[in-house]
Amino acid sequence: MAKMSRRRKRTIVGSAIGLPVAFLAVLFVEAQLAAGGPKLPEEVYALDGRVEPLVPDPGPVPPPLRIAWMGDSTAAGVGASSADYALPRLVAKGLGRPVELRSFAISGARVGDVFEKQLPLLLAIPAEEFPEFVVIDVGANDATHLTNVNGFRSTYLGILDKIPESASVITLGVPDIAAVTRLAQPLRFVAGVRGGTYDAVVESLRDQGADYVNIADFTGPKFRADPDRYLAADHFHASDAGYQLWADTVIPVLRWRLFKRENPNEPEPLQPKEAKGTVKGSAP
């Protein structure tokens, strides 16, 4: 076989280097365009307080269940039309019993922010008032801001290690970022794959005693099929209807853990399908 000329070698090498560089340039431009898209009002909802059930369970009214949330904008209610349509309140209303709700979630938070800023507030709650459930909803911003995956896992583990054993922990998986229409292709595809990577990390934390909620697989297809309905006006956060989808996914897992918590001598009920993982990082 004839030897390849130096010029041809340079052409092939230049093409091999140029394609990834061009691809990264496209992603950078798309990210800048997405950042300049429509904005939502920067309203911070007051989510704390007693939440009454939408449909009370029959029988005597039990004492309020104490639930605390930590996380990012999806746990803070960004995109919802009011506090009542924020995810923590929708979940509380769907449990069939009164809930004393606390939320430390902040829009834009990453796992490091939860560890450094929100966890200390949770741990400052007196033992006699400490939540029976702690829900953690973080990871989407880590995926879009390229947080190191190993660092994400180790910081998340640090959070779980500091939460008292008296509390049951529910971790929400990373949502289907590939369903977000604010991001153009191929950025949307890349973000979706990265989101799946972080979601797999959250799912693996079940080994540490946390219960996982598979948000991406159980809400993503509907978001993709009807983004105008399930996404807010910024085409990024969930709308009221989108948060209701999320709540309908969280509630079965929380009720399952609640039954196990309050009925330790009863046969363990079947794990809800929403607590199981399937395909991660699927293409849009």
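Each remark here, short or long, concerns the structure printed above.
The text that follows walks through the structure, step by step, so that each part is easy to find. Just so you know, these numbers come straight off a predicted model, no measurement behind them. In every chain, residue numbers begin from 1 and rise along the written sequence. Predicted model: local features are reported for residues with pLDDT of at least 70 only, side-chain atom pairs are reported and counted for 80 or more only, and whole-chain, interface and lining totals are derived from all residues. Here the side-chain values reflect all heavy atoms present in the structure, with hydrogen atoms and water set aside.

Some details on the packing of helix α8 (residues 215–225) against helix α10 (residues 240–262)
So, step 1. To obtain each axis, a line is fitted to C-alpha atoms, and for helices this fit is confined to the stretch in contact; angles are then taken between N-to-C directions over 0 to 180 degrees. For helices the rule is a DSSP run of H or I covering at least 4 residues; for strands it is a run of E covering at least 2, with both sets numbered from the N terminus onward. At a minimum axis separation of 10 Å, α8 and α10 run at an interaxial angle of 150°. Classed by the angle they form, the pair α8 and α10 counts as roughly antiparallel. When you trace α8 past α10, the crossing you get is right-handed. In this structure, α8 uses Ile-215, Phe-218, Thr-219, Lys-222 and Phe-223 to contact α10, whose residues at the interface are Gly-242, Leu-245, Trp-246, Thr-249 and Val-250. Note on angle classes: values under 35 degrees are labelled roughly parallel, values over 145 roughly antiparallel, values of 65 to 115 roughly perpendicular, and the remainder oblique. Each crossing is labelled by how the near helix is turned from the far one, with a counterclockwise turn of less than a right angle marking it left-handed and a clockwise turn marking it right-handed. Contacts are residue-level and defined by heavy atoms, with any inter-residue pair within 4.5 Å sufficient.

Some remarks on the pairing of strand β2 (residues 65–71)
So, step 1. Think of it in three bands: with a 1.4 Å probe and only protein chains considered, a residue is buried below 20% of the maximum accessible area for its type, exposed above 50%, and partly exposed in between. Counted residue by residue, β2 has 6 buried out of 7 residues, so it is predominantly covered.
So, step 2. Note: β2 against strand β3 (residues 99–103), 5 bridges, orientation parallel. Of the residues in β3, the one forming a bridge with Arg-66 is Glu-100.
So, step 3. Where β2 lies against strand β4 (residues 133–137), 5 bridges are found, and the strand directions are parallel. Pairing of Trp-69 across the sheet is with Val-135, part of β4. Should DSSP find at least two bridges between two strands, the strands are regarded as paired.

A short note on the pairing of β3
So, step 1. Going residue by residue along β3, you find Val-99, Leu-101 and Ser-103 tucked away on one face and Glu-100 and Arg-102 left uncovered on the opposite face.
So, step 2. Here strand β1 (residues 49–51) pairs with β3 via 3 bridges, running antiparallel. Opposite Arg-50, over in β3, you have Glu-100 as the bridge partner.

Structural notes on the environment of Gly-112
So, step 1. Its place among the elements puts Gly-112 in helix α4 (residues 111–123).
So, step 2. The class for Gly-112 is partly exposed, based on a relative accessible area of 23%.

A word on the packing of aromatic side chains
Two descriptors summarise a pair of aromatic rings, namely the distance from one centre to the other and the angle between the planes of the rings.
So, step 1. Aromatic contacts are taken between Phe, Tyr and Trp rings whose centres are within 6.5 Å, Trp giving its six-membered ring; a plane angle under 30 degrees counts as stacked, one over 60 as edge-to-face, and the others as tilted. Within this structure, the stated rule accounts for 4 aromatic pairs.
So, step 2. Ring geometry for Phe-152 against Tyr-198: centres 5.1 Å apart, planes inclined by 80°, an arrangement best described as edge-to-face. You can see Phe-152 sitting in helix α6 (residues 149–162) and its partner Tyr-198 sitting in helix α7 (residues 187–204), a full 46 residues away along the chain. You'll find Phe-152 and Tyr-198 in the same group, each marked buried.
So, step 3. Ring geometry for Tyr-243 against Trp-246: centres 6.1 Å apart, planes inclined by 85°, an arrangement best described as edge-to-face. Here Tyr-243 pairs with Trp-246, and both are found in helix α10, just 3 residues apart, close to one helical turn.

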